[in-house]
Amino acid sequence: MRMVFRWYGTGNDTVTLRQIKQIPGVEGIVWALHDMPAGEEWPMDKIQAYKEDADRYGLHLEVVESVNVHEDIKLGLPSRDVYIENYKRTIAKLATVGVKTICYNFMPVFDWVRTDLFKEMADGSTALFYEKAKVDQMDPVELVNRIANDVDVTMPGWEPERLGQLAPLFEKYKSVSEEDLWGNLQYFLEQIIPVAEQHDIRMAIHPDDPPWPIFGLPRIMTGQASIRRLLSLVDSPYNGVTLCSGSLGANPDNDIVAMVHEFKGRIPFAHIRNVRVYDNGDFIETSHRTEDGTVNIAGIVRAYYESGFTGYARPDHGRHIWDEQCRPGYGLYDRALGIMYLWGVWDSMRAGERSGSGV
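Residues numbered from 1 in each chain as written. Predicted model: local features only at pLDDT ≥ 70, side-chain atom pairs only at ≥ 80, totals over all residues. Heavy atoms only, no water.

### Concerning the side chain of D13
No. 1: Checked against the element boundaries, D13 lands in the loop between β1 (2-6) and α1 (17-21).
No. 2: In this structure, D13 is buried with no salt-bridge partner, the nearest side chain bearing the opposite charge being R327 at 4.2 Å.
No. 3: Looking at D13, its side chain comes within polar contact range of the main-chain nitrogen of Y8, at 2.8 Å.
No. 4: Within polar-contact distance, the side chain of D13 engages the backbone nitrogen of V15 at 2.9 Å.
No. 5: Residues contacting D13, with those up to four places away along its chain left out, are R6, W7, Y8 and R327. (Helix = DSSP H or I, 4+ residues; strand = E, 2+ residues; numbered from the N terminus. Buried < 20%, exposed > 50% of the residue type's maximum accessible area, 1.4 Å probe, protein only. Lys, Arg positive; Asp, Glu negative; His and termini not counted. Salt bridge = Lys/Arg side-chain N within 4 Å of Asp/Glu carboxyl O. Polar contact = N/O pair within 3.5 Å; in protein donor to acceptor, adjacent residues only side chain to side chain. Contact = heavy atoms within 4.5 Å.)

Take a look at the structure:
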């Protein structure tokens, strides 16, 4: 397991590279050009600037999250080919600075949905929260306005230039079924994966967050069967999944431990985080500790160890603790605590193997 830490860039993150470097076992950053509109080719000078920042602290930038997929590709419009060509050229550029994995998603309109970015928990910390009844009843425009007014930082998946076209986007998706979306994803992968192979970069799709349809939009990356289908669309080790225990764990029916074992070799990137799911369908993001949520984090880490996982992992979202003022879900303190919990489970497995006693 190779531990990495998401970083939003100089002037766009409350966490510094100097702080990230001090977290035990962290070897690289997970990054992206967050000011680039989806579908645009990434400029080399901006890519190089990230590399120079990372190099100063001895951190690699082998994982990009995300090179966003333009909506025209998801919709299957004739204009998609222009954006796919831009994507290919971006892959080639990223290879020159050592990128090995690109995380992306294929979610229509919204990359992720929460109803409260700072829901207070019993201990006084706050966390990202999803209230099912609100989403079921809420106008998506209301949700966009609420998220936009809550924070002053860039929110991946909630780019203003895209969400400003919400009504036309929803109109376009009215005629797109789940099967249409699957077909459009296959078309994208058939174009992209050969380029990824050529440049030794593994593509890793992120599951839908949450893993069920919202606002009448189709969602297709929701569980074990859909991941199985995704991997069969283009049968290549460069077509993989970012296995996110938090996104998939919002549905208690998803057996993530089983997924780790089944998809061994096709998981270049792991997001490991916990959520507590309530009987009414609500969920809140908790600490990484297994007992604090519904997801068997310890079992997931053990499964990665047993399957010989050598990919990248990050602690994903954290709570906001100790009065830290930070981007929702992306403070320093709780994610650093999460890393130490993950290493604790991993190291206990390794120690047990060395002693021959098991754990």
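### Regarding the pattern of salt bridges
No. 1: The full count for this structure, using the stated rule, is 29 salt bridges.
No. 2: In this structure, E41 and R89 form a salt bridge, with 2.9 Å as the shortest nitrogen-oxygen distance. A residue pair is termed long-range when its members are at least 10 positions apart, and E41 in the loop between β2 (26-31) and α2 (44-56) and R89 in helix α4 (residues 80-95) qualify at 48 residues.
No. 3: Judged by its relative accessible area of 26%, E41 falls in the partly exposed class.
No. 4: Salt-bridge contacts for E131 lead to K134; the nearest nitrogen and oxygen are separated by 3.6 Å.
No. 5: By relative accessible area, which is 34% here, K134 ends up partly exposed.

### A look at the packing of aromatic side chains
No. 1: Under the defined criterion, the tally for this structure stands at 15 aromatic pairs.
No. 2: One aromatic cluster is present, built from ring pairs that chain together W7, W31, W42 and Y50.
No. 3: If you follow R80 out to its NZ or CZ, it ends over the ring of Y187, 3.5 Å from the centre.
No. 4: K119 extends its terminal NZ or CZ atom over the ring of F129, reaching a point 4.9 Å from the ring centre. (Phe/Tyr/Trp six-rings, centres within 6.5 Å; stacked < 30°, edge-to-face > 60°. Lys NZ or Arg CZ within 6 Å of the ring centre and 35° of its normal.)

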